[in-house]
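What the coordinates show
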Amino acid sequence: MEKTNWLQRILEELNIINNCRKYGLSAFQCPQFLFFLMGILIILSTITAYILGNRYIEEPLLVAFVVILTSEILLVIAVLITRSFERLAEANRLKSEFVSVVSHQLRSPLSNLKWSIEILMSGRIKSVTEKELEFYNILRENSQRMEELVADLLIVSRIDQGKFYMKKEECDLANTIKEVVQASQIFARASNTEIISKIEENLPRIMVSPSQIKQAVENLLDNAIRYSKDKGTVEIFLEKKNRYLCFMIKDSGVGIPKVDQRLIFQRFFRSDNALRHKTEGSGLGLYIAKSIIEKSGGKIGFKSQENVGSTFWFTLPINAK
Amino acid sequence: MKTILFIEDESALQKTVGLVLNQEGYEVLSALDGELGLKMAQKKRPDLILLDLILPKMHGFEVLKALKDNPETKDVPVIVLTNLEGISEVDKALELGATTYLVKASYTLEELVSKIKTALGDK
């Protein structure tokens, strides 16, 4: 099974026309096709130079001419490849800029919406009936969902544009985790999931961006609860191992199918079984968590088995500056 | 009654924040662009200024600098209230003399009021 998947992937990679179509590029603008063409030309020119060199060794000018001609063709192809990469990079830059501008523009109306709903719910204008409150709650929760998505998109666009900065300061990771767990209790109870924390005492403080690390932990815990099966359990561990703090979160959820595991940290990726279980979700949480942990000098990983559960972990260096 | 000048081009925000602050016992003056905001700050001498950054006619940073360069307004606490959350913007605002930097998306109105009260020494 493993071997077939591996072979399938190689065949997919070799399907150049399909890959070029995916980028919406013609053959002579597509880096994969141009590389392929260049490879063939290099092979042919080597063979031709060998044959010519063998047969017409008395005429070095002819051999030199063929070698120079082939080199020039290769040079033109190299320029075309560079151009096509530039176009792809430019398209990527424009996309990131577009996401950034749209997200920023969405923030103001969302703030208006959020604060207006808050005023209506607070009873500052008039007293609110229970039925009204129920619908205001729907409005609030949905505007909050939009705000969270916009915030995630802004982080992703910052990562893509290389503008994802981090202001490091001393952080008590154990405390941060306790806060996140506390804040997630309502969601966990609503999902019929129990959170069990096993956090070592007297852990050293670390230099990270507390708010960003908090977000990484939130994303991991949110996933663990979200994809738990009925009456699930989420276990959280934090301990010191040599010069690192090691965090681990273990759930008894739907797990990640083997075929999807290599893609799980890619942005916007959601595995089929996750989609079946919960349609909500942007596929950005793990991508953001990974970016935060790696930018903090740590490492992140997981092991998972479909229908059994997943264990995500990260480590953060204790003495990082 | 203490006076708060709110320099913000979104009229919807002027309404929501204005209503809550009025109910909390503050007089709220509204300016929909940076230039007008600066003029009103110099003329009315408010007790606190709530300042957005992306503003028509004059950017929030220019307003903040002008306020802090003027001996008559330099002691008025300024809370920057924006949706920009880059580290460079936060650093620049604090460097120019802002009392606090708040990102609209991260706060509820009640939390905002609480921050304003703290800055005014009413809490």
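Residues numbered from 1 in each chain as written. Chains lettered and ligands numbered in written order. Predicted model: local features only at pLDDT ≥ 70, side-chain atom pairs only at ≥ 80, totals over all residues.

It is worth spelling out the overall build of chain B at this point. Scanning chain B from N- to C-terminus turns up 5 helices and 5 strands. The C-alpha atoms of chain B give 13 Å as radius of gyration, which agrees with the globular expectation for 123 residues (14 Å, within 12%). Classification of the 123 residues of chain B by burial places 33% in the buried group. (Helix = DSSP H or I, 4+ residues; strand = E, 2+ residues; numbered from the N terminus. Rg over C-alpha atoms; globule rule 2.2 N^0.38 Å. Buried ≥ 20, exposed ≤ 12 C-beta atoms within 10 Å, placed from the backbone.)

Another point: the sheet that holds strand 2 (residues 193–199) of chain A. Residues and elements named next belong to chain A. Reading across the sheet, the 5 strands line up as 2-4-5-7-6 and stay open at both edges, with mixed pairing between neighbours. The two strands at the open ends of the sheet, each matched to only one other strand, are strand 2 and strand 6 (299–305). Ignoring which end each strand starts from, the neighbouring axes of this sheet average 10° apart. Relative to strand 4 (residues 232–241), strand 2 runs parallel, the two sharing 7 bridges. (Pairing = 2+ DSSP bridges. Axes fitted to C-alpha atoms, helices over the stretch in contact; angles between N-to-C directions.)

Let us look at the interface of chain A and chain B. The interface is formed by 15 residues belonging to chain A together with 13 residues belonging to chain B. At the level of secondary structure, the elements contributing two or more residues to the side of chain A that touches chain B comprise helix 4 (60–122) and helix 5 (130–160) of chain A. With 10 residues, helix 4 of chain A is the largest single contributor of residues to the side of chain A that touches chain B. Taken together, the residues of the side of chain A that touches chain B sort by class into 5 nonpolar, 5 polar and 5 charged. (Contact = placed C-beta atoms within 7 Å. Nonpolar A, V, L, I, M, F, W, Y, C, P; charged D, E, K, R; others polar.)

Here we come to the domain arrangement of chain A. All names here are of chain A. For chain A, the assigned domains are domain 1 (1–164) and domain 2 (169–317). On the domain 2 side, the residues contacting the 7 residues of domain 1 number 8 residues. A breakdown of the residues in the side of domain 1 that touches domain 2 according to their chemical character gives 5 nonpolar, 1 polar and 1 charged. (Domains from an automatic or database assignment.)

Glancing now at the packing of helix 7 (residues 210–226) of chain A against helix 9 (residues 285–295) of chain A. All names here are of chain A. Direction vectors running N to C along helix 7 and helix 9 enclose 145°, while the axes themselves pass 9 Å from each other. Crossing handedness for the pair helix 7 and helix 9: left-handed. Where helix 7 abuts helix 9, its residues Gln-212, Ile-213, Gln-215, Ala-216, Asn-219, Leu-220, Asp-222 and Asn-223 lie against Gly-285, Leu-286, Ile-288, Ala-289, Ile-292 and Ile-293. Residue composition of the contact of helix 7 with helix 9, by class: 8 nonpolar, 5 polar and 1 charged. (Left-handed = near helix turned anticlockwise from the far one by under 90°.)

In this section: the environment of Asn19(A). Note on placement: Asn19(A) falls in helix 2 (residues 16–23). Distance from Asn19(A) to Cys30(A), taken between C-alpha atoms, is 8.8 Å for residues 11 residues apart in sequence.

The next point concerns the pairing of strand 1 (residues 3–7) of chain B. All names here are of chain B. Burial analysis of strand 1 places 4 of its 5 residues in the buried class, which makes it a mostly covered element. Sheet topology places strand 1 next to strand 2 (residues 27–31); 5 bridges connect them, and they run parallel. Bridge pairing links Phe-6 to Ser-30 in strand 2. With respect to chirality, the unit in which strand 1 leads through helix 1 (residues 11–23) into the neighbouring parallel strand 2 is right-handed. Across 4 bridges, strand 1 lies against strand 3 (residues 48–51) in parallel orientation. Opposite Ile-4, over in strand 3, you have Leu-48 as the bridge partner. (Right-handed = clockwise from strand over helix to strand, strands pointing away.)

Attention now moves to the nonpolar core. Ranked by internal contacts, the top residues of the largest apolar core, which has 39 residues, are Leu173(A), Leu220(A) and Ala289(A). The set of elements that each furnish at least two residues to this core consists of helix 6 (173–190), strand 3 (206–208), helix 7, strand 4, strand 5 (244–251), helix 9 and strand 7 (309–317) of chain A. With 7 residues, helix 7 of chain A is the single largest residue contributor to this core. Those residues in contact with Ala289(A) that lie beyond four places of it in its chain are Ala216(A), Asn219(A), Leu220(A) and Ile300(A). Grouped together as the second largest cluster of nonpolar side chains are 31 residues, Ile49(B), Leu51(B), Leu64(B) and Val80(B) included. (Core = buried A, V, L, I, M, F, W, Y, C linked by C-beta atoms within 7 Å.)

We now examine the confidence of the model for chain B. With 100% of its residues at a pLDDT of 70 or more, chain B has an overall mean of 92. Here the prediction assigns the complex a pTM of 0.74, and the interface score ipTM is 0.87. (pLDDT = per-residue confidence, 0-100.)

Moving on: the confidence of the model for chain A. Confidence in the prediction for chain A averages 86 pLDDT; 96% of positions are at 70 or higher. Averaged pLDDT values over the elements of chain A bottom out at 69 in helix 1 (residues 2–14) of chain A and peak at 95 in strand 5 of chain A.

Residues and elements named next belong to chain A. For helix 5, built from 31 residues, the straight-helix expectation of 45 Å at 1.5 Å per residue is met to within 8% by its first-to-last C-alpha distance of 45 Å. Within helix 5, burial applies to Ser-143, Val-150, Ala-151, Asp-152, Leu-154, Val-156 and Ser-157. Looking at the packing, one finds that the buried side of helix 5 touches helix 4 and helix 9. One or two residues past the end of helix 5 sits Gly-162, with phi positive at roughly 70°. (Expected span 1.5 Å × (residues − 1).)

A word on the pairing of strand 4 (residues 78–82) of chain B. Residue and element names in this part refer to chain B. Counting buried residues in strand 4 gives 5 out of 5 residues, a clear majority hidden from the surface. Burial along strand 4 is two-sided: Val-78, Val-80 and Thr-82 and Ile-79 and Leu-81, pointing in opposite directions, are all buried. Inspection of the sheet shows strand 3 paired to strand 4 by 3 bridges, in the parallel sense. Residue pairing in the sheet places Leu-50 in a bridge with Ile-79 of strand 4. Taken together, strand 3, helix 3 (residues 60–69) and strand 4 constitute a β-α-β crossover, and its handedness is right-handed. One ladder, built from 4 bridges, connects strand 4 with strand 5 (residues 100–103); its direction is parallel. The residue of strand 5 that forms the bridge with Thr-82 is Val-103. Following the backbone out of strand 4, through helix 4 (residues 87–96) and into the adjacent parallel strand 5, one traces a crossover that is right-handed.

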